[in-house]
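# Examination of the molecular architecture
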Amino acid sequence: MSTQSGGPQPRRTILDIKAYVPGSSGHAHEGKVYKLSSNETPLGPSPKAVEAYKAAAEHLDLYPDGSAGALREAIGAKYGLDPSRIVCGAGSDELIGLLCTAYLAPGDEVVYSQHGFLMYKLATLAAGGTPIAAPETDLTADVDALLAKVTDRTRIVFLANPNNPTGTYLPYDQVLRLHAGLSSNVILVIDAAYAEYVRRNDYSSGIELVANSKNVVMTRTFSKIHGLAALRIGWAYCPEAVADILNRVRGPFNVNAPAIMAGVAAIGDDALVDRAIAHNETWLPWLSAELTAIGLQVTPSVGNFILIGFPDADGKRAADADVHLQRRGVYLRRVEAYGLPNCLRMTIGGKEVNRLVVDSLTEFMGAG
Ligand SMILES: *Cc1c(COP(=O)(O)O)cnc(C)c1O
């Protein structure tokens, strides 16, 4: 679709946006559907969060606390952070957008890695900025390549750590090196949406770096390990001055009341988080090994999903595998939009569907 001449005209860069296509939910399939396309948890939401949500339903006539105070207090208590430096959003997607809105003028540049999370590019274009992708090495962000793209027009560098859709991560010493290479007027945004899943001694979500610098922001989400994707809750831990700016540009009631109450309950449910980690620790290595054994290329992942590379051969491509799996009710994520046409991204699911995927892809790779 193009805008007609003479009609209302949006900011020029907005016409460069291809609307985000979410992971398929398999609505059209008859029979049991397994959605492994959006990195949601197979364990469901915390029962405590569901209870809090239902209780909040009795008060739908009232505006929420615009500062999401109870939620910021709960997050602060959990991680030992100053609640006044936490800003909540309708998903971390909103916070990514607000950072771009607040800090970009037309023509300003935003740097991220080649297969980085798509929202960075979309939010940059929506705000009138220029997105700049830096090459990766082995499907992993490359600090030198990122720094090589930084110019005096650069305002923000986004790093998803670990990254979606690749599942790879940068050790903390590399993150520190990236930060050290940026001038103090460039914001480094560390998107740690999958931090809870990572089991590596050399990993850090970046909390200390935010605490000790004026130009680092860490974003987190309740959509993944906490199982509240439907409610749209994210948060950012920021330098004081950045929190002040985000509080000026966000909607005054950007996080709704049931979400605030469910989020408070979810952050207190350590048992559910522990179960999710244990589940992932069992099935991530199992799936990686099984799929590698049948000749697929699995990128080593530290998140709750894996990137699966398919052969470049007729009938065996990622698109063919996608059709094959959909016939069995299993929906993975196509990642052409990430520059990975030969791959599918699979969320680690429950036991039943994990086995179904391995059986189906074994059949797929063996056929013909
Ligand atoms: C899922 C995801 C998010 C979280 O999005 P929400 O808006 O909080 O649901 C952020 N960053 C990355 C890299 C993700 O994969």
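Quick caveat: nothing in here was measured; it's all calculated off a predicted structure.

### Description of the side chain of Asp322
The topology assignment puts Asp322 in helix H11 (residues 318-327). In this structure Asp322 touches Leu332, Arg334 and Leu344, once residues within four positions along its chain are discounted.

### Some details on the UniProt feature "modified residue: N6-(pyridoxal phosphate)lysine" (unreviewed entry) in the chain
The UniProt feature table records "modified residue: N6-(pyridoxal phosphate)lysine" (unreviewed entry) at Lys224. By the secondary structure assignment, Lys224 is in the loop between strand E7 (216-221) and strand E8 (234-237). When residues no more than four places from it in sequence are discounted, the contact partners of Lys224 are Ser38, Asn39, Thr41, Ala193, Tyr194 and Tyr197. Only 3.1 Å separates the side chain of Lys224 from the side chain of Tyr194, close enough to count as a polar contact.

### What about the sheet that holds strand E13 (residues 343-347)?
Read from one edge of the open sheet, 4 strands run E9-E10-E13-E12, paired in antiparallel fashion. Where the open sheet ends on each side, the last strands, each with one partner, are strand E9 (297-299) and strand E12 (333-334). Here 2 bridges tie E12 to E13, and the two strands are oriented antiparallel to one another. Residue pairing for E13: Arg333 is matched across the bridge by Arg345. Contacts from helix H10 (residues 270-293) reach E9, strand E10 (305-309) and E13 within the one sheet, and its direction differs from that of E10 by about 5 degrees.

### Section: the sheet that holds strand E6 (residues 187-191)
Pairing is mixed across the open sheet formed by 7 strands, whose spatial order is E2-E8-E7-E6-E5-E3-E4. Looking along the sheet, the strands with just one partner apiece sit at the ends: strand E2 (86-89) and strand E4 (130-134). Across the sheet, the mean angle separating the axes of adjacent strands is 20 degrees when strand polarity is ignored. Two strands pair when backbone bridges link them, and E2 and E8 are joined in this way by 4 bridges, in the antiparallel orientation. Looking at the pairing, Cys88 lines up with Trp235 of E8. Contacts from helix H6 (residues 172-180) reach strand E5 (154-160), E6 and E7, with the element oriented near 155 degrees to E6.

### Observations concerning the domain arrangement of the chain
Its domain assignment divides the chain into domain 1 (23-44 + 271-365) and domain 2 (47-268). Put simply, the middle of domain 1 and the middle of domain 2, counted by C-alpha atoms, are 26 Å apart. Listed per partner, the contact involves 25 residues of domain 1 and 25 residues of domain 2. Counting the surface lost from both domain 1 and domain 2, the interface buries some 2,100 Å², and carbon and sulfur atoms represent 68% of this. It is Val302, Phe305 and Tyr338 that lose the most area in domain 1 upon contact with domain 2, and together they represent 32% of the buried surface on that side. The interface formed by domain 1 and domain 2 includes 0 salt bridges. Here domain 1 and domain 2 share 5 residue pairs in polar contact (both at pLDDT 80 or more) between them. The set of elements that each furnish at least two residues to the side of domain 1 that touches domain 2 consists of H10 and E10.

### As for the layout of surface pockets
By volume, the largest pocket amounts to about 530 Å³. Tyr20, Ser38, Asp93, Lys224 and Arg232 are the residues nearest the centre of the largest pocket, which is lined by 29 residues in total. Within the residue set of the lining of the largest pocket, elements represented by two or more residues are helix H3 (92-103) and helix H4 (119-126). Each residue belonging to the lining of the largest pocket can be placed in one class, and the counts come to 12 nonpolar, 9 polar and 8 charged. A domain split of the lining of the largest pocket shows at least three residues from each of domain 1 (23-44 + 271-365) and domain 2 (47-268).

### Details of the nonpolar core
Judged by nonpolar contacts, the single largest core of 50 residues is most densely connected at Phe222 and Trp235. No other element matches helix H9 (residues 257-267), which puts 6 residues into this core. With residues up to four places along the chain from it excluded, the contact list for Trp235 reads Ile75, Tyr79, Leu81, Ile86, Val87, Cys88, Leu95, Met218, Thr219, Arg220 and Phe222. Ranked by size, the runner-up nonpolar core spans 32 residues in total, among them Ile96, Ile156, Leu307 and Leu340.

### Quick word on helix H1 (residues 47-56)
Looking only at H1, the buried set comprises Ala49, Ala52 and Ala56. One side of H1 holds all its buried residues, which, seen down the axis, span an arc of 60 degrees. Residues of H1 that are exposed and point over 90 degrees away from its buried face: Pro47, Glu51 and Lys54. Looking at the packing, one finds that the buried side of H1 touches H9.

### Brief notes about the packing of H1 against H9
For any two helices packed against each other, the geometry comes down to the angle between their axes and how far apart the axes lie. The interhelical angle for the contact between H1 and H9, taken along N-to-C directions, is 155 degrees, at an axis separation of 8 Å. Taken together, H1 and H9 sit at an angle that is classed as roughly antiparallel. Helix-helix and strand crossings are classified by hand; for H1 and H9 the assignment is right-handed. Of H9, the residues touching H1 (which contributes Lys48, Ala49, Ala52, Tyr53 and Ala56) are Pro258, Met261, Ala262, Ala265 and Ala266. Across the contact of H1 with H9, the residue classes break down as 9 nonpolar, no polar and 1 charged.

Calculation criteria
- Residue numbers here run from 1 along each chain, matching the order of that chain's written sequence.
- For this predicted model, a pLDDT threshold of at least 70 governs which residues receive local features, and a threshold of 80 or more governs which side-chain atom pairs are given and counted, while totals over whole chains, interfaces and linings are taken from all residues.
- Note that the side-chain values use all heavy atoms of the structure and ignore hydrogens as well as water.
- Helix and strand assignments come from DSSP, with helices taken as H or I runs of at least 4 residues and strands as E runs of at least 2, each series counted from the N terminus.
- Whether two residues are in contact is decided by their heavy atoms, any of which lying within 4.5 Å being enough.
- UniProt positions are given in the numbering used here, feature names are shortened, and annotations may be inferred rather than shown by experiment.
- Pairs of N or O atoms are called polar contacts if they sit within 3.5 Å, as long as, within protein, a hydrogen donor faces a hydrogen acceptor (for residues adjacent in sequence, only side-chain-to-side-chain pairs).
- Any two strands are treated as partners once DSSP identifies two or more bridges connecting them.
- Axis definition: a line fit to C-alpha positions, over the contact stretch in the case of helices; interaxial angles, taken between N-to-C directions, run 0 to 180 degrees.
- These domain boundaries are the output of an automatic or database domain assignment.
- Here the buried area means the combined drop in accessible surface, using a 1.4 Å probe, for two parts upon being joined, counting both sides.
- Any carboxyl oxygen of Asp or Glu that lies within 4 Å of a side-chain nitrogen of Lys or Arg is treated as forming a salt bridge with it.
- Any residue with an atom within 4 Å of a point lines the site, the site being either a cavity, points on a 1 Å grid over the protein atoms alone where a 1.4 Å probe fits but cannot get out, or a pocket, an open set with protein on both sides within 12 Å along at least 5 of 7 lines.
- Grid points are joined across faces, edges and corners, and a volume is the space filled by probe spheres set on the points.
- Charged means Asp, Glu, Lys or Arg here, nonpolar means Ala, Val, Leu, Ile, Met, Phe, Trp, Tyr, Cys or Pro, and polar covers whatever is left, Gly included.
- Here, nonpolar core refers to any group of buried Ala, Val, Leu, Ile, Met, Phe, Trp, Tyr and Cys residues whose side-chain atoms link them within 4.5 Å.
- Three labels apply to residues, based on accessible area from a 1.4 Å probe with only protein chains included: buried if under 20% of the type maximum, exposed if over 50%, partly exposed otherwise in between.
- The arc in question is the one spanned by the directions pointing from the helix axis to the C-beta atoms.
- By the definition adopted for this analysis, an angle is roughly parallel if under 35 degrees, roughly antiparallel if over 145, roughly perpendicular if from 65 to 115, and oblique otherwise.
- By definition, any crossing whose near helix is turned counterclockwise from its far helix by less than a right angle is left-handed, and any crossing with a clockwise turn is right-handed.

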